[in-house]
Amino acid sequence: MKKLAVVAIGGNSLIRDNDRQTVEDQYDAVCETAKHIAGMIVQGYEVIITHGNGPQVGFILRRSEIASEVAGMHHVPLVSCGADTQGAIGYQIQQAMDNEFKNRGLAKSAVTVVTQVAVSPEDPAFQKPTKPIGSFYTQEQAQILQEQHPDWTLVNDAGRGFRRLVASPLPQEILEKDVIKLLIREGYCVIGAGGGGIPVVKQANGSVKGIDAVIDKDFASSLLAAEISADLLIISTGVPKVYLNYGKENEKALDEITLAELRQYVEEDHFAPGSMLPKILAVISFLEKGGKKAIITNPESLEEAVAGRTGTHVYP
Ligand SMILES: Nc1ncnc2c1ncn2[C@@H]1O[C@H](COP(=O)(O)OP(=O)(O)O)[C@@H](O)[C@H]1O
Ligand SMILES: NC(=O)OP(=O)(O)O
């Protein structure tokens, strides 16, 4: 029987650098990642692809705000900006995967599932924004923007520049998990829970309603992987491995570690909040819910990592 892997692609790894942020540049990055995911499928995995949307959802929101300021156009709520990213990024991944399958003569196709994710309206995250979205600004740009928009929260994102923060509640349930399972059983490569999923709250009468926020895609991927009993959670990001003392002279790559060791390193503050820390916490949560293995690596190392030759491998 084929093994089931959830592969979470980082929003920042789809935007390779500040000068290459166009839709076409992103498609190039998606095609590169798609090659390696197709390689994993050839290696014997069924794959569900999830993806980030931090940069993209921020770009769409800002465009809408500027269009509203300059041309009086209607404002697009953040939750709809997130839904837009599921379609636009899902479309690119679906097309790139289908092209890979054709090139390799594989009788398989990809399908994107618009995915809603339930969150609690009482989540304290709604009072304290933590999720960086959109462009990176210099300190000077950030100061000007802060004066223009006193309601914004701008912080330095892991030393890479200043970004705007929005609320990021914890995902509680992937509403489309059953249809995702069904499609996987039918042999499709599924793209789901894009951008962490579209945040919705359940109403007393059983209906659901969108709410403005951006869910962390690593937490949503971890929850999805646990809910569909995936064998493996892979978090694909900008680095081939996780490091202790990252960026310092005594930096040390982690190859194989246990859940207990990982918890210890979190205590010792090895992982930057807003970048590596959520990935580590997502891995911990997956393994605590019964997951058997998680890998953190970069897109180009996916096949090598699955074969055990690179990446950071975490076991219960
Ligand atoms: N301890 C660490 N080990 C490896 N990378 C780290 C560490 N701490 C912070 N990072 C940074 O975190 C980045 C991943 O976070 P981010 O770019 O926000 O993710 P995403 O790919 O999901 O957009 C890495 O590319 C690296 O620059
Ligand atoms: N939604 C989300 O977590 O996106 P990034 O991975 O791009 O931050």
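This text goes with the structure placed above it.
Let me begin by describing the structure that accompanies this report. All values reported here derive from a predicted model rather than from experimental measurement.

Comments concerning unusual backbone geometry
- At S229, a residue that is not glycine, the phi angle is positive and equals roughly 55 degrees.
- With respect to the helices, strands and loops of the structure, S229 is situated in the loop between α7 (217–227) and β12 (232–236).
- In the Ramachandran plot, N245 falls in the positive-phi region, its phi being about 50 degrees despite a non-glycine side chain.
- Structurally, N245 can be placed in the loop between β13 (242–244) and β14 (252–254).

With respect to empty space enclosed by the protein
- All told, the structure shown has one cavity of 30 Å³ or more when counted by the stated rule.
- Computed from the structure, the largest cavity encloses a volume of approximately 60 Å³.
- If you trace the largest cavity, you find 15 residues lining it, with N53, G82, G195, G197 and P199 closest to the centre.
- Every element with two or more residues in the lining of the largest cavity is listed here: α4 (78–103) and β10 (198–202).
- For the lining of the largest cavity, the leading source of residues is α4, giving five residues.
- Across the lining of the largest cavity, the residue classes tally to nine nonpolar, six polar and no charged.

Thresholds applied
- Residues numbered from 1 in each chain as written.
- Chains lettered and ligands numbered in written order.
- Predicted model: local features only at pLDDT ≥ 70, side-chain atom pairs only at ≥ 80, totals over all residues.
- Heavy atoms only, no water.
- Helix = DSSP H or I, 4+ residues; strand = E, 2+ residues; numbered from the N terminus.
- 1 Å grid on protein atoms, 1.4 Å probe; cavity = no way out; pocket = protein on both sides within 12 Å on 5 of 7 lines; lining within 4 Å.
- Points joined across faces, edges and corners; volume = space filled by probe spheres on them.
- Nonpolar A, V, L, I, M, F, W, Y, C, P; charged D, E, K, R; others polar.

It is worth stressing that arrangement in space is one thing and function is another; only the former is reported here.
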